[in-house]
Amino acid sequence: MMHLDQLLPLIERLRVEAIGAPDFVPEIQAYVYKEQSAKVVAILKIVRATQGLSAMKLLCQSGLFIDFGVTIRCVYDCIDEVYFLLEGFPNTSANVDKFVKGFFESAMTINGHRSQTTPAVETAKIRSARVRYLKGSHDEVITQLLARLYKTFSGYVHANCAQIMETFGGPARNFNLAGIPSVEEQQKRMEHVDLAINAVLQAASFAAHTLNLTALYQDLVRSALGETS
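Just so it is clear, the model here is predicted, and its values are computed rather than measured.

A. Representation of the pattern of salt bridges within the structure. By the definition in use, this model includes 12 salt bridges. Note that Arg 73 and Asp 77 form a salt bridge whose closest N and O atoms lie 2.8 Å from each other. Linking Arg 73 with Asp 77, this pair stays in helix H3 (residues 65–86), spanning 4 residues, or about one helical turn. Arg 73 sits in the buried class, given a relative accessible area of 15%. One salt bridge in this structure joins Lys 188 and Glu 185, with 3.2 Å as the shortest N-O distance. Separated by 3 residues within a single helix, Lys 188 and Glu 185 lie in helix H8 (residues 183–210), roughly one turn from each other. The network of salt bridges with common partners includes Arg 13, Glu 17, Asp 219 and Arg 222.

The structure is reproduced here in structure tokens:
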């Protein structure tokens, strides 16, 4: 299993080789990518997912399990979107174009962040691209599995009853507002960090292969196998 500190430099390398650095725009005091394409969005989604891994590790170690679950949802949403955005690369689809348009509508302006006005693409349509990648075609079993995982972690996003009640207990019989101190419970959930690291690694490998970044793709595969380059 790859460690997080091994993955981070590989993702930075992917970002540099695939889309480079953004430009600083003095008028809005912000960095922007002038190329508004599916490739740019996909790489930024991988960047976001990878940063989410760091957050997951810290939240789990602090016993903040609700926010841990929220971050898991964010990480896997980004991963699904990578497969969706790059599935037909260099070609796109109407849904991919709509997604990219909406993504860049939320950019910074001189008056702050502006809101997205383009309707969002349905989650099921985004997720189906990952299913096709995993199975080669539509597969109802995998589709339902991913849908159940999505629904489970959505409960943390929406602060549902079951997820809130997970935090109650311990010697003090309270909601552990500073985090659940149980090392056993923390270690149990750290398995999700390892799974998410592997999922981000797979998405990064898919992106590198799709974008013809051959050397990087080979290094990602070697890292996944526990080999050194």
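Let's pick the thread back up.
B. Molecular detail of unusual backbone geometry. Pro 90 follows Phe 89 through a cis peptide bond whose omega is 10 degrees. If you trace the backbone, Pro 90 turns up in the loop between H3 and helix H4 (94–105). Although it is not a glycine, Gln 29 sits at a positive phi angle of roughly 55 degrees. Tracing the backbone through its elements, the reader meets Gln 29 in the loop between strand S1 (23–25) and strand S2 (30–32). In this structure Gln 29 comes out as exposed when scored by relative accessible area, which is 57%. One non-glycine residue, Asn 176, adopts positive backbone phi at about 50 degrees. Examined against the element boundaries, Asn 176 turns out to sit in the loop between helix H7 (161–165) and H8. Asn 176 sits in the buried class, given a relative accessible area of 19%.

C. Just the side chain of Ser 223, in detail. Relative to the elements of secondary structure, Ser 223 occurs in helix H9 (residues 214–224). A polar side-chain atom of Ser 223 sits 2.9 Å from the main-chain carbonyl oxygen of Asp 219. Residue contacts for Ser 223: discarding those within four places in its chain leaves Met 2 and Leu 10.

So, how was this worked out
- Residues numbered from 1 in each chain as written.
- Predicted model: local features only at pLDDT ≥ 70, side-chain atom pairs only at ≥ 80, totals over all residues.
- Heavy atoms only, no water.
- Salt bridge = Lys/Arg side-chain N within 4 Å of Asp/Glu carboxyl O.
- Helix = DSSP H or I, 4+ residues; strand = E, 2+ residues; numbered from the N terminus.
- Buried < 20%, exposed > 50% of the residue type's maximum accessible area, 1.4 Å probe, protein only.
- Polar contact = N/O pair within 3.5 Å; in protein donor to acceptor, adjacent residues only side chain to side chain.
- Contact = heavy atoms within 4.5 Å.

So yeah, pure geometry; function would need other evidence.
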